[in-house]
Structure formats: structure tokens, C-alpha cells
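Listed here are the chains, written in short residue letters.
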Amino acid sequence: MSTAAEAIVATGNGLVVVRDVGVDTRADERAAFQAARIPGSRGGKMIAAAGTVLHIRCGHQLTRPWVRLAMHENEGPFRLTVISGRIGVDTDEGIVCEMSVTPGTYRVMVEHQGREEVQTAAREVETRTLYADAATTHAAWRRLDGIERFRVHLWPE
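Please read these numbers as outputs of a predicted model, since none were measured by experiment.

Thoughts on the pattern of salt bridges
1) Next: Tallied over the full model, the rule gives ten salt bridges.
2) Next: A salt bridge links E157 to R79; its shortest N-O distance comes to 2.5 Å. Residue E157 is found in the segment after β10 (149-156), and its partner R79 is found in strand β6 (residues 78-82); the two are separated by 78 residues along the sequence.
3) Next: We classify R79 as partly exposed; its relative accessible area is 47%.
4) Next: In this structure, R86 and E98 form a salt bridge, with 2.6 Å as the shortest nitrogen-oxygen distance. Of this pair, R86 sits in strand β7 (residues 86-91) while E98 sits in strand β8 (residues 94-100), placing them twelve residues apart in sequence.
5) Next: Its relative accessible area of 37% is what places E98 among the partly exposed residues.

Notes on the sheet that holds β7
Backbone hydrogen bonds hold the strands of a sheet together, and the pairing may be parallel or antiparallel.
1) Next: The strand order across the open sheet formed by five strands is β3-β4-β2-β7-β8, and the pairing between neighbours is antiparallel. The strands lining the two open edges of the sheet, one partner per strand, are β3 (47-50) and β8. Across the sheet, the axes of successive neighbouring strands diverge by a mean angle of 20°, strand direction being ignored.
2) Next: Pairing geometry for strand β2 (residues 15-20) and β7, over four bridges, is antiparallel. Paired with D20 across the two strands is I87, which belongs to β7.
3) Next: Sitting on the sheet, helix α1 (residues 26-36) touches β2, β3, β4 (53-57) and β7, and the angle it makes with β3 is about 145°.

Calculation notes
- Per-chain numbering applies: the sequence of each chain, read as written, is numbered from 1 onward.
- Predicted model: local features are reported for residues with pLDDT of at least 70 only, side-chain atom pairs are reported and counted for 80 or more only, and whole-chain, interface and lining totals are derived from all residues.
- The side-chain quantities take in all heavy atoms of the structure and omit both hydrogens and water.
- Should a side-chain nitrogen of Lys or Arg be within 4 Å of a carboxyl oxygen of Asp or Glu, the pair is scored as a salt bridge.
- To qualify as a helix, a DSSP run of H or I must reach at least 4 residues; to qualify as a strand, a run of E must reach at least 2; elements of each kind are numbered from the N terminus.
- Throughout, exposure labels follow a simple rule: accessible area from a 1.4 Å probe, protein chains only, divided by the maximum for the residue type, with under 20% read as buried, over 50% as exposed, and the rest as partly exposed.
- In short, DSSP must find at least two bridges between two strands for them to pair.
- Lines fitted to C-alpha atoms define the axes here, with helix axes fitted over just the stretch in contact, and angles between the N-to-C directions of these axes take values from 0 to 180 degrees.
- The contact criterion used is simple: two residues touch if any of their non-hydrogen atoms lie within 4.5 Å.

Next comes the structure, spelled out in C-alpha cells:
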């Protein structure tokens, strides 16, 4: 059983979804999305959880953060239920960072770095590529891959 998995991930509109990949999590995804909402704003909380789903909001919707899932011995403020024994990051390109775990409820803590750097870099890319062709724009955004980084620490309850 792997105790860690990592990758640079494509987000769903700036949202990293860590979930039980062996079960239907649609209801929990909606609940986590609602838990992340801040009424009256366009943004939301950086981290929210509901049942089998953990949402992490990135610094910019077009960047691709580096994500690491790892098992630890500590305790965190969020809970994630794993029914199937498989957890991973659900991206626009499929499941990445998948690892096997014992089914059960896990405490979760998320460490984060690079948000301000990626937001500054994203503003620069937006300005530089305002009138650029698609290939130039795509290449400029891909240069920001992995600047923002998340470490998702899990441990059994």
C-alpha cells in the first residue's frame, strides 16, 4: 500500500477535488461546494470537506498546482470518509495521485504554499497574453504549473 502520491494537477475551474475514487461522490461534492461558499462573494473558503470529498480552492483558475497526498500520524481540522479504500485527486484529465488506504474516516490537514506567487504570475500572464495567439497563451499558463503547492496529510481516526 502506497503511503504517498503526488502530481501537478489540472483543476476543475481552480478547484482541486480530493475524493474516494471508488464510489459515487456526487452528493458529497455538492455538499463540499456549498460548504466552501461565502454568501455574497464571488470567492469561497480555501478548504471545505463533506463526507467522501475534500475541496481545495486554488489561487487562480487557469493554473495547475502541485498536490501531494500522504499518510501521517497527526490530526487535522477536516474529515474525509473513504469507503472504497482508494483515494485520489479528481481532475479534468481524470484521477491522479491515487493511493490505496484502509476504508474508514480520516482526519485531514492541508499545507499550502505559493498562492501569492501564482496570483502575481497569473496577473502577468493575463496582461502579456491579452492579444496573443492560443499557443502562446497556453504555453504562458503552463509555465506556472506547480508554483502553487498543496500537501494533503491524512491519518485514520
